[in-house]
Amino acid sequence: MSDTVRIVIRGTNWLGDSVITIPAVRALRALFPGSPITMLAPENLAGLWEHEGSVDRVLPVPRPTRLRDARALLAALRRDRYDLGVLFPNSFSSALLFFLGGVRARLGYATDGRSLLLTSRVPPPRAGGHQVQRYLALVRTLGPVEADTRPVLRVPESLLAWADALLHGSGIAPGRTIVGLNAGSTYGEAKCWPPERFAALARMLRDRCGVAIVAVGGPRERARAESVCAPLGPDALNAAGETTVMQCAALAGRCAAFVSNDTGPMHLAAAVGTPVVAVIGPTDPGATGPLGEHVIVRRETACAPCLKRRCPTDHRCMTAITAEDVFAAVKKLLPPAS
């Protein structure tokens, strides 16, 4: 295949998965350095790809209920006459979109009954290994390419300046050590370490190490974050539900360490180079853990990893982890002055 083909990528729908695909997108760019590449991504993730830099154009994918926007997207695909479409999601609907949009060659894993919609059907890889390898393996079917498996995201200075202004405006003095916390998870409650444990950890970090706390997350996680931040008064900032993805990345970039459940902001913090403490229970850290400097805090239980959204029993994989356990892990990552 020529290296000047028109390429469109269907990006994943979740923040963490999108961050994990960065190495694969960069590998695709290396294989086709002269080709225009368009990324189709959910509207809330468009900013991530606009700043990441490997694609030339980002088209937002509308919600399924917005039929008019979906028709406009199909019309745009047909008009632009893409030669190659790369499907990172495993869904039938993503393959149908490229089929109806007239994308000539459609590459994806043969899952979800969509093989007839693909022109290049790749057998799903065997279980095991990190998800980043799954996305890279799909791109490597197009040609051999060297790729760094660690996602890296550079935050513009303008956004770092915005983060500094927000922190200072909330009363966090310049130069103070900051620890980021992400107490929620969009995937499900089973991934969440109890909020009262996060609150206890935040108090420990403030009282024993003198650090300030910044909580991030989505709009639905704001109340949970507030229960962590409110007891600390001016020593904590609750930014959950108040930032774009790249603003969240900028705040994480100003943290000395970042504590999170296994969810999107965990991968975002790792990608901007912040050391991560990941509190993991029902998921497999070998498959979805952070890529970068990190410490995994986990308690082995017979039922984990179950990958369930809600625990059907007593959530022992997470409740067995104490605030002292996580505090000890954070201390390993903080600068000595803390």
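Calculation criteria
Residues numbered from 1 in each chain as written. Predicted model: local features only at pLDDT ≥ 70, side-chain atom pairs only at ≥ 80, totals over all residues. Heavy atoms only, no water. Helix = DSSP H or I, 4+ residues; strand = E, 2+ residues; numbered from the N terminus. Rg over C-alpha atoms; globule rule 2.2 N^0.38 Å. Buried < 20%, exposed > 50% of the residue type's maximum accessible area, 1.4 Å probe, protein only. Contact = heavy atoms within 4.5 Å. Areas by Shrake-Rupley, 256 points an atom, 1.4 Å probe, with all protein chains shown as cover. Lys, Arg positive; Asp, Glu negative; His and termini not counted. Charge placed at Lys NZ, Arg CZ, Asp CG, Glu CD. Pairing = 2+ DSSP bridges. Axes fitted to C-alpha atoms, helices over the stretch in contact; angles between N-to-C directions. Salt bridge = Lys/Arg side-chain N within 4 Å of Asp/Glu carboxyl O. Parallel < 35°, antiparallel > 145°, perpendicular 65-115°, else oblique. Left-handed = near helix turned anticlockwise from the far one by under 90°. Nonpolar A, V, L, I, M, F, W, Y, C, P; charged D, E, K, R; others polar.

## Topic: the overall build of the chain
- When helices and strands are counted, the chain shows 14 helices and 12 strands.
- Its C-alpha radius of gyration of 21 Å places the chain within 12% of the 20 Å reference for a compact globule of 338 residues.
- Summarising its shape, the C-alpha atoms of the chain cover approximately 60 × 45 × 40 Å along the three principal directions.
- Counting all 338 residues of the chain, 54% fall into the buried class.
- Of the contacts formed within the chain by residues at least 6 apart in sequence, a portion of 63% connects residues at least 24 apart.
- Carbon and sulfur atoms make up 53% of the accessible area of the chain, which totals about 14800 Å².
- Separation between the mean location of the 39 positive side-chain charges and that of the 28 negative ones in the chain comes to 6 Å.

## Remarks on unusual backbone geometry
- Here the bond from A304 into P305 is cis, since omega is 0°, no more than 30 degrees from zero.
- Tracing the sequence through the fold places P305 in the loop between β12 (294-297) and α13 (316-319).
- A positive phi is found at L307, a non-glycine position, where the angle reads about 65°.
- In this structure, L307 sits in the loop between β12 and α13.

## Quick notes on the sheet that holds strand β9 (residues 236-238)
- Ordered by their spatial adjacency, 6 strands build an open sheet running β9-β8-β7-β10-β11-β12, and the pairing between neighbours is parallel. The sheet is open, and its two borders are formed by β9 and β12, each paired with just one other strand. Each neighbouring strand pair of the sheet contributes to a mean axis angle of 15°, computed without reference to strand direction.
- Where strand β7 (residues 178-182) lies against strand β8 (residues 212-215), 4 bridges are found, and the strand directions are parallel. Looking at β8, one finds that I178 is bridged to A212.
- Here helix α11 (residues 264-271) sits on the sheet and contacts β7, β10 (257-261) and β11 (276-279); the angle it forms with β10, its principal contact strand, is near 155°.
- Each of β7, β10, β11 and β12 touches helix α14 (residues 323-333); the most contacted strand, β11, lies at about 160° to it.

## Description of α11
- Counting buried positions along α11 yields 8 of 8 residues, so the element is predominantly enclosed.
- Along α11, the residues that are buried comprise G264, P265, M266, H267, L268, A269, A270 and A271.
- At the C-terminal side of α11, G273 shows a positive phi close to 95°.

## Brief notes about the pattern of salt bridges
- Within this structure, the stated rule accounts for 15 salt bridges.
- The partner of E52 in a salt bridge is R26, with the nearest N and O atoms 2.5 Å apart. Of this pair, E52 sits in helix α3 (residues 46-52) while R26 sits in helix α2 (residues 22-31), and the two are 26 residues apart along the sequence.
- Accessibility expressed as a relative area gives 9% for E52, which makes it buried.
- In this structure, R104 and D83 form a salt bridge, with 3.8 Å as the shortest nitrogen-oxygen distance.

## Topic: the packing of helix α8 (residues 195-209) against α14
- Interaxial distance between α8 and α14 falls to 9 Å at its minimum, and their mutual angle equals 45°. The orientation of α8 with respect to α14, classified from their angle, is oblique. Two packed elements cross with a definite hand, and for α8 against α14 that hand is right-handed. In contact with R197, A200, L201, M204, L205, R208 and C209 of α8, α14 contributes A323, E324, V326, F327, V330 and K331.
- Partitioning the contact of α8 with α14 into residue classes produces 9 nonpolar, no polar and 4 charged.

## As for the sheet that holds strand β5 (residues 105-109)
- Strand order in the open sheet formed by 6 strands is β3-β2-β1-β4-β5-β6, and the pairing between neighbours is parallel. The open sheet terminates on both sides in strands that have one partner only, identified here as β3 (57-61) and β6 (120-122). Averaged over neighbouring strand pairs, the angle between their axes works out to 20° when direction is ignored.
- Two strands pair when backbone bridges link them, and strand β1 (residues 7-10) and strand β4 (residues 84-87) are joined in this way by 4 bridges, in the parallel orientation. Of the residues in β4, the one forming a bridge with R10 is L87.
- Packing of helix α4 (residues 67-80) onto the sheet brings it into contact with β1, β2 (37-42) and β3, and relative to β3 it is tilted by some 150°.

Interpretation in functional terms is not warranted from these geometric data alone.
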